[in-house]
Amino acid sequence: MAEHAAQSTHAENTRSNQGGVHAQDDKGQPALDQSAEINASVTATGSGPNAAAYNQAREAHRRDVKRLDDTIAAGLNEHSTSYGEAWPNAAAWLRAGKTKLVALTHTHDAAARAKALGKADKLAMFGFDTAIPADSGYAETDLNDKTNIYCAKPTWGGFRMGGSPSVIAIIQASTYDLNGLKGLIVHEVQHDADHHPGSQMGSYQTEFRAYWIQQAMAHHKATSGSADPNLTTQDGTKLTGFDNRRQQAIFKHLWDCGSYDYVKDLWKDAALRQQLLAQKTPTGTNMVNSPMIDDVFLALNKGQSADAVIAAARKLTVEDLKALGSSQMRGEWEALINKRFSGPTRMRVLGALGMEPGAAGVQWGLIEQIYEQLQSSKANETKLNALIGQLTQADRAILQRAEMKSEWKGLVEKRFEGAARAQMLKALGLDQ
Ligand SMILES: [Zn+2]
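Residues numbered from 1 in each chain as written. Predicted model: local features only at pLDDT ≥ 70, side-chain atom pairs only at ≥ 80, totals over all residues. Heavy atoms only, no water.

K.L.:
Help me understand the overall build of the chain in this model?
P.N.:
Summing up its helical and strand segments, the chain has 19 helices and 6 strands in all. Considering only residue pairs separated by 6 or more positions, the chain has 68% of its internal contacts joining residues 24 or more positions apart. Summed over all atoms, the accessible surface of the chain reaches about 19100 Å², with 50% contributed by carbon and sulfur. (Helix = DSSP H or I, 4+ residues; strand = E, 2+ residues; numbered from the N terminus. Contact = heavy atoms within 4.5 Å. Areas by Shrake-Rupley, 256 points an atom, 1.4 Å probe, with all protein chains shown as cover.)

Listed below in structure tokens is the structure:
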């Protein structure tokens, strides 16, 4: 049984608040695959006094597992839902095993079992220890056996729990309408994809992003100035200071539903409240749930070389590159890259991420060699001139960029004096 207490959990109150839950028509019985049974301590068929009810719960679970598995398999190629690339990417994320995905289903004695486990306000669900598509069960007659059990509030639709790997749980997947289920998965994967800090502000920001891309409040305007100055929470707190109605609606939902009470602490703190209000629309490093963008992020954050970062960046799709250049993501990536790289290496990495339009066709290896020579206390004029002679027009255009020009000029002036300095500045085109 996994240890949960110390890990951050983001649970979604989707059942009571978003109206996205409809009874599901089951078209026939799902195929039962007994070979998928991995929980050997649990028999597939009930034998206790409530065997029929237990068997029903097991069947419901098989439907939940199959629903999730089928939805994700189809999702890999679904590029035109309202979630954009965030949906096929979420499916690819889960297929790549970046997160463990589990299906939770109410036990036949959900309320009594939760009570027996000391969680009277929750319901007992099973499937928590078993990644889909494997089937699993639970101790039929022992209400105190926690194997494969998780107790969640009745209103939760799903949650994400940090760890290695992290876990995404979707509750009663078969009871969702298909579009609602996709949105919930998009939401939960975002909690993983954004690598948010564990602070209260980090928790708020990840919910803000996740609800935004889940399109949960998409019927509310996101245009600046559209916030309702008279909107209050259910407990009468006036939600003033917001920019747009969608930003405000997400905050109100977090406040009212009871699963995100830290937003009340943030609101009480004047400085944090200002910070929260200033985030008018979400920004993040991976607002599209892309596993390829995640690989570049991990290479950057694990301190890997520019070459390794660029190798990961070569796997980015056109859609990934488009997302990286968007107003939601570009600033965050520039900040990440600036922390790691400078000079031409920085520009080369930006180029690989499509953020430096002049970078294609540039001889970055050559430029970096010249840069290293200039930085060296033993800058060699003869060697430099030989290297500079190989620069093409595209290379020289890069040196004319403001962020390159002033730094390179400074390096030349530090290393050379008099006629040598003038000659070197001229050779590099830095003399104008
Ligand atoms: Zn969430």
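K.L.:
Even after reading the chapter, I still don't get the confidence of the model for the chain, so can you show me in this structure?
P.N.:
Reading predicted coordinates in detail is not appropriate for stretches of low pLDDT. Of the residues in the chain, 90% have a pLDDT of 70 or more, and the chain-wide mean is 88. Low pLDDT, under 50, characterises residues 1–7; the predicted model gives this stretch 13 contacts beyond four residues in sequence or across chains. This stretch, residues 16–42, has a pLDDT under 50; its non-local contacts, to residues over four places away or in other chains, come to 50 contacts. (pLDDT = per-residue confidence, 0-100.)

K.L.:
What is the right way to look at the pairing of strand S6 (residues 166–171) in this model?
P.N.:
When a strand is regular, its side chains alternate between the sheet's two faces. The buried count for S6 comes to 6 of 6 residues, which makes it a mostly enclosed element. Burial of S6 is two-sided: the residues Ser166, Ile168 and Ile170 facing one way and the residues Val167, Ala169 and Ile171 facing the other way are all buried. Note: strand S2 (residues 99–106) against S6, 6 bridges, orientation parallel. In the strand pairing of S6, Leu101 is matched with Ile168. Where strand S5 (residues 158–161) hands over to S6, the hairpin turn is made up of 4 residues, of which Gly163 adopts a positive phi near 150°. (Buried < 20%, exposed > 50% of the residue type's maximum accessible area, 1.4 Å probe, protein only. Pairing = 2+ DSSP bridges.)

K.L.:
Help me out: how do you make sense of the pattern of salt bridges in this one?
P.N.:
Pairing of side chains with opposite charge becomes possible as their charged atoms draw close. Following the criterion strictly, the structure yields 18 salt bridges and no others. In this structure, the salt-bridge partner of Asp194 is Arg209, at a minimum N-O distance of 2.8 Å. Taken together, the residues span a long stretch of sequence, with Asp194 in the loop between helix H5 (178–193) and helix H6 (200–213) and Arg209 in helix H6 at a distance of 15 residues. Comparing Asp194 with Arg209, the two get one shared label, buried. Between Asp307 and Arg348 there is a salt bridge, with its nearest N and O atoms 3.0 Å apart. Of this pair, Asp307 sits in helix H11 (residues 306–313) while Arg348 sits in helix H14 (residues 343–352), and the two are 41 residues apart along the sequence. Within this structure, Arg58, Arg62 and Asp135 form a network of salt bridges that share partners. (Salt bridge = Lys/Arg side-chain N within 4 Å of Asp/Glu carboxyl O.)

K.L.:
Is there a simple way to think about unusual backbone geometry in this case?
P.N.:
What you tend to see is this: most non-glycine residues have negative phi, and most peptide bonds are trans. For the peptide bond that leads from Ile132 to Pro133, omega is 10°, which places it in the cis range. Relative to the helices and strands, Pro133 resides in the loop between strand S3 (123–126) and strand S4 (149–152). A positive phi angle is found at Gln172, which is not glycine, with a value near 50°. With respect to the helices and strands, Gln172 occurs in the loop between S6 and H5. Taking relative accessible area as the criterion, Gln172 reaches 15% and is therefore assigned buried. Its identity is not glycine, yet Asn289 carries a phi of approximately 60°, on the positive side.

K.L.:
Please clarify how the packing of aromatic side chains should be interpreted in this entry.
P.N.:
To describe a pair of aromatic rings, you give the distance between the ring centres and the angle between the ring planes. Inspection of every chain in the model, using the stated rule, returns 17 aromatic pairs. Aromatic pair Trp156 and Phe159: ring centres 5.7 Å apart, planes at 65°, arrangement edge-to-face. Residue classification places Phe159 among the buried positions, given a relative accessible area of 0%. Relative to Phe208, the ring of Tyr204 has its centre 5.7 Å away and its plane inclined at 10°; by these criteria the two rings are stacked. With Tyr204 and Phe208 both in helix H6 and 4 residues apart, this pair spans about one turn of that helix. (Phe/Tyr/Trp six-rings, centres within 6.5 Å; stacked < 30°, edge-to-face > 60°.)

K.L.:
When you look at the nonpolar core in this model, what are you seeing that I'm missing?
P.N.:
Soluble globular proteins tend to pack their nonpolar side chains together in the buried interior. Counting 48 residues, the largest nonpolar core has Leu68, Ile170, Ile185, Trp333 and Leu353 as the members making the most contacts within it. A domain split of this core shows at least three residues from each of domain 1 (9–193) and domain 3 (290–360). Setting aside its immediate chain neighbours within four residues, Ile185 contacts Leu68, Ile72, Trp87, Ala90, Leu94 and Ile170. Counting residues in hydrophobic clusters, the runner-up holds 26 residues, among them Leu387, Leu391, Met404 and Met424. (Core = buried A, V, L, I, M, F, W, Y, C linked by side-chain atoms within 4.5 Å. Domains from an automatic or database assignment.)

K.L.:
How should the packing of H14 against helix H15 (residues 364–375) be read in this particular structure?
P.N.:
A packed helix pair is summarised by two numbers, namely the angle formed by the two axes and the spacing between the axes. In the contact formed by H14 and H15, the axes pass within 8 Å of each other and the chain directions differ by 160°. Classified by the interaxial angle, the pair formed by H14 and H15 is roughly antiparallel. Considering how the two elements wind past one another, H14 and H15 form a crossing that is left-handed. Between H14 and H15, the residues in contact are Gly343, Pro344, Thr345, Met347 and Arg348 and Trp364, Ile367, Glu368 and Tyr371, respectively. For the contact of H14 with H15, the class distribution of residues is 5 nonpolar, 2 polar and 2 charged. (Axes fitted to C-alpha atoms, helices over the stretch in contact; angles between N-to-C directions. Parallel < 35°, antiparallel > 145°, perpendicular 65-115°, else oblique. Left-handed = near helix turned anticlockwise from the far one by under 90°. Nonpolar A, V, L, I, M, F, W, Y, C, P; charged D, E, K, R; others polar.)

K.L.:
I keep staring at the environment of Gln248 and nothing clicks. Help me out?
P.N.:
Here Gln248 is to be found in helix H7 (residues 245–257). As a C-alpha pair, Gln248 and His220 span 28 residues in sequence and 9.1 Å in three-dimensional space. Excluding residues within four positions of it along the chain, Gln248 makes contact with Ala227, Asp228, Leu231, Leu239 and Phe242.

K.L.:
Please clarify how helix H16 (residues 381–388) should be interpreted in this entry.
P.N.:
Residues three or four positions apart in an α-helix share a direction because the helix packs 3.6 residues into each turn. Looking at H16, one finds that the buried residues are Leu384, Leu387 and Ile388. Angularly, the buried residues of H16 cover 95° about the axis, an arc narrow enough to put them on a single face. Looking at the packing, one finds that the buried side of H16 touches H15, helix H17 (393–399) and helix H19 (418–427). For H16, the capping residue at the N-terminal end is Asn380, with a side-chain oxygen 2.9 Å from the backbone nitrogen of Thr382. (Arc of directions from axis to C-beta. Polar contact = N/O pair within 3.5 Å; in protein donor to acceptor, adjacent residues only side chain to side chain.)

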